[in-house]
Amino acid sequence: MRGKKRVVLIFPRMIGAKDQIRRAQPPLGICSIAAVLEQRGHEVMLVDSVLEGYEDLTPLENEPNLVEYGLSDDAVVSRTLQFDPDVIGISALFSSQASAVFSLSRALKKAHPGVPVVFGGIHASTNGKSVLSEEPSIDFVLAGESDHSFPDLVERLPGDCYGTPGLVWREGKRVRMNSKPPFIRDMDALPFPAWHLLDMEKYFEIGMPHNPFITSNRVGCIMTSRGCPERCYFCSSSEYFGHSYRAMSAGRVVGLVRHMVDRFGIRELQIEDDSFTLNATRVIEICKELKEFKIRITLPNAIRADAPVDTEKRLQDVPGHARGRG
Ligand code: B12
Ligand code: SF4
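Since the model is a prediction, treat every value here as computed from it, not as a measurement. Residue numbering note: each chain is counted from 1, following its sequence as written. Whichever chain is written first becomes A and whichever ligand is written first becomes 1, with later ones labelled in order. Given that this is a predicted model, residues contribute local features only at a pLDDT of at least 70 and side-chain atom pairs are listed and counted only at 80 or more, while totals for whole chains, interfaces and linings are drawn from all residues.

**Details of the site of ligand 2**
Around ligand 2, the neighbouring residues are Cys-228, Glu-230, Arg-231, Cys-232, Cys-235, Ser-237, Ser-238, Asp-274, Ser-275 and Arg-304. Residues are grouped as follows: nonpolar covers Ala, Val, Leu, Ile, Met, Phe, Trp, Tyr, Cys and Pro; charged covers Asp, Glu, Lys and Arg; every other residue, Gly included, is treated as polar. Here the residues of the shell around ligand 2 sort into 3 nonpolar, 3 polar and 4 charged. Nearness is defined per residue: the C-beta atom, placed using the backbone, must lie within 6 Å of the molecule or strand.

**Some points on unusual backbone geometry**
The amide bond that connects Leu-157 to the next residue, Pro-158, takes the cis arrangement and shows omega of 5°. For Asp-84, which is not glycine, the phi dihedral falls at a positive 60°. For the purposes of this entry, the term helix denotes a DSSP run of H or I that reaches at least four residues, the term strand denotes a run of E that reaches at least two, and both are numbered from the N terminus. Mapped onto the secondary structure, Asp-84 falls in the loop between helix H3 (73–83) and strand E6 (87–91). Non-glycine residue Lys-294 carries a positive phi angle of around 50°.

**A word on the sheet that holds strand E5 (residues 63–69)**
Read from one edge of the open sheet, 3 strands run E2-E5-E4, paired in antiparallel fashion. Edge positions in the sheet fall to strand E2 (14–17) and strand E4 (57–60), since each has one partner strand and no second. The sheet shows a mean angle of 40° between the axes of neighbouring strands, taken without regard to direction. Both E4 and E5 contribute to a ladder of 4 bridges, which runs antiparallel. By the bridge assignment for E5, Leu-57 is matched with Tyr-69. Here the rule is simple: two strands pair whenever DSSP picks up at least two bridges between them. Interaxial angle, 0 to 180 degrees, is taken between N-to-C directions of lines fitted to C-alpha atoms, where a helix line uses only the stretch in contact.

**Things to note about the domain arrangement of the protein**
What the domain assignment lists for the protein is domain 1 (6–177) and domain 2 (209–325). Residue ranges assigned to the domains are those given by an automatic or database domain assignment. Each of domain 1 and domain 2 has a C-alpha centre, and these two points are 27 Å apart. Each residue is represented by a C-beta atom placed from its backbone, and any two residues with such atoms within 7 Å are regarded as in contact. Taken residue by residue, the interface counts 7 residues in domain 1 and 8 residues in domain 2. Residue classes in the side of domain 1 that touches domain 2 are distributed as 4 nonpolar, 2 polar and 1 charged.

**Some thoughts on the packing of helix H10 (residues 250–264) against helix H11 (residues 280–290)**
Contact geometry for H10 and H11: axes closest at 9 Å, N-to-C directions at 35°. The two elements H10 and H11 meet at a crossing, and its hand is right-handed. Mapping the contact onto sequence places Ala-250, Val-253, Val-254 and Val-257 in H10 and Arg-282, Glu-285, Ile-286, Glu-289 and Leu-290 in H11. Residues belonging to the contact of H10 with H11 are distributed by class as follows: 6 nonpolar, no polar and 3 charged. For a crossing to be left-handed, the near helix must be turned anticlockwise from the far one by less than a right angle; the clockwise case is right-handed.

**Remarks on the nonpolar core**
One nonpolar core equals one set of buried Ala, Val, Leu, Ile, Met, Phe, Trp, Tyr and Cys residues connected by C-beta atoms within 7 Å. Put plainly, a residue is buried at 20 or more neighbouring C-beta atoms within 10 Å of its own, exposed at 12 or fewer, and partly exposed in between, counting only other residues' C-beta atoms, which are placed from the backbone. Counting residues in hydrophobic clusters, the biggest one holds 51 residues, and the most contacted among them are Leu-9, Ala-34, Phe-119 and Val-141. With 7 residues, the single largest contributor to this core is helix H1 (residues 28–39). Of all hydrophobic cores here, the second largest spans 22 residues; its members include Val-257, Ile-286, Ile-295 and Ile-303.

**Side note on H1**
A helix is expected to reach a length of 1.5 Å times the quantity of its residues less one. For H1, which comprises 12 residues, the first-to-last C-alpha distance of 16 Å matches the rise-based estimate of 16 Å (1.5 Å per residue) to within 8%. Within H1, 9 of the 12 residues are buried, which leaves the element mostly enclosed by the surrounding structure. Taken residue by residue, H1 has Gly-29, Ile-30, Cys-31, Ser-32, Ile-33, Ala-34, Ala-35, Val-36 and Leu-37 as its buried positions. Summarising the contacts, the buried residues of H1 are in contact with strand E1 (6–11), strand E3 (43–48), E6 and helix H7 (149–156). Looking one or two residues beyond H1, the residue adopting positive phi is Gly-41, at roughly 95°.

**Some points on the site of ligand 1**
In the region of ligand 1, 37 residues are neighbours, and Gly-29, Gly-89, Ser-91, Gly-120 and Ser-237 sit closest. At the level of elements, E2, H1, E6, strand E7 (117–120), helix H5 (122–126) and helix H9 (237–241) are the ones that each hand at least two residues to the shell around ligand 1. Sorting elements by how many residues they give to the shell around ligand 1 places H1 first, with 5 residues. By residue class, the composition of the shell around ligand 1 is 16 nonpolar, 16 polar and 5 charged. Both domain 1 (6–177) and domain 2 (209–325) contribute no fewer than three residues apiece to the shell around ligand 1.

**Re the packing of H3 against helix H4 (residues 98–111)**
Two elements in contact, H3 and H4, have axes separated by 9 Å at closest approach and are oriented at 40°. One element, H3, and the other, H4, form an angle in the oblique class. For the element pair H3 and H4, the recorded crossing hand is right-handed. Across the interface between the two elements, Asp-73, Asp-74, Val-76, Val-77, Thr-80 and Leu-81 from H3 touch Ser-103, Leu-104, Ala-107, Leu-108 and Ala-111 from H4. Within the contact of H3 with H4, the residues separate by chemical class into 7 nonpolar, 2 polar and 2 charged. An angle below 35 degrees is read as roughly parallel, one above 145 as roughly antiparallel, one from 65 to 115 as roughly perpendicular, and any other as oblique.

And the structure:
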């Protein structure tokens, strides 16, 4: 390693319907990467533009029913100038965030001309080559699960970083691309996401997590597994995280929830997995253990309609369990 680096990771503005719910919850992608960077001794700043500029609405040209919400590019730049980063990472969960990423990246490049700008997340991973052809202010795309590969890249920069798995870069007029890093198998070995780098109280004040039908604003959102063996034709998630299912042990999930209760005082848990109920034994174990916390649990996303019947029955035993759309 070439010494401690200063890294800023940014979740950009989102697009939402003008008069409908605008959601805001901690972006798990940058929180997960930040935790590994911190573990490896780097200094990290997280900027969730959606959280910090929640009331900052911009109408979209030719789209009267849509708004963009989140910090303006200038507001993000004034945050990054104070921090003076060695590397800038921008995340995008949704393809609809691409234009916000491009405009932010141009503003960041102008303010920090010598600092590498790296774009990651689902959209960048599936469109790496076109992103680099389209937007000159983005230096690199890093495709795939980047919990380890992004810290590797940070440690290699500004030197020879071209061996980094998942890297997409320009070489003259060509765009070159390494194969993605292997899927992370041992989910228990990942540190807890770095929620402490975000203003969690502000998320609670806004109170608009994934499932907005909440009984307490103090909601924690977690992902206890990655990957899904199914192949629903409309789903980009299983394409991205793969078809092999990788789950935290029940003990690790309970430890994660304990951490969220103790550190952030959460009263409700929302589980974001693609397929939380795939392993019924694990789910039952988790549910038994979670009873101790007396928190409400919702699954805004995490159950297939044909989840095992027994699992559904046991979930009903968890105090306050409620199921969102599956
Ligand atoms: C939580 C979630 C939401 C939340 C997001 C809030 C938030 N701030 O996080 C909310 C409720 C807002 C939401 C809404 C929607 N969602 Co959604 N959502 C998810 C879900 C279930 C989990 C995302 C997550 O936390 N993943 C866990 C983290 C760890 O993964 P990650 O972010 O990908 O990060 C990893 C890598 O991508 C990479 N990475 C990430 N960032 C960066 C940055 C850098 C610099 C680098 C190098 C790497 C990197 O490394 C990370 C660690 O491995 C995903 C499904 C999924 N499995 O991801 C769908 C998903 C993202 N949603 C999807 C969709 C379609 C929607 C909606 C359109 C649904 C709807 N019809 O309303 C809306 C759109 C909202 C909008 N206004 O634009 C699709 C996106 C498809 C696409 N390509 O655009 C997904 C993939 C689901 C699917 N089955 O296809 N969603
Ligand atoms: S079950 Fe859910 S995560 Fe799995 S392929 Fe179908 S939609 Fe995607």
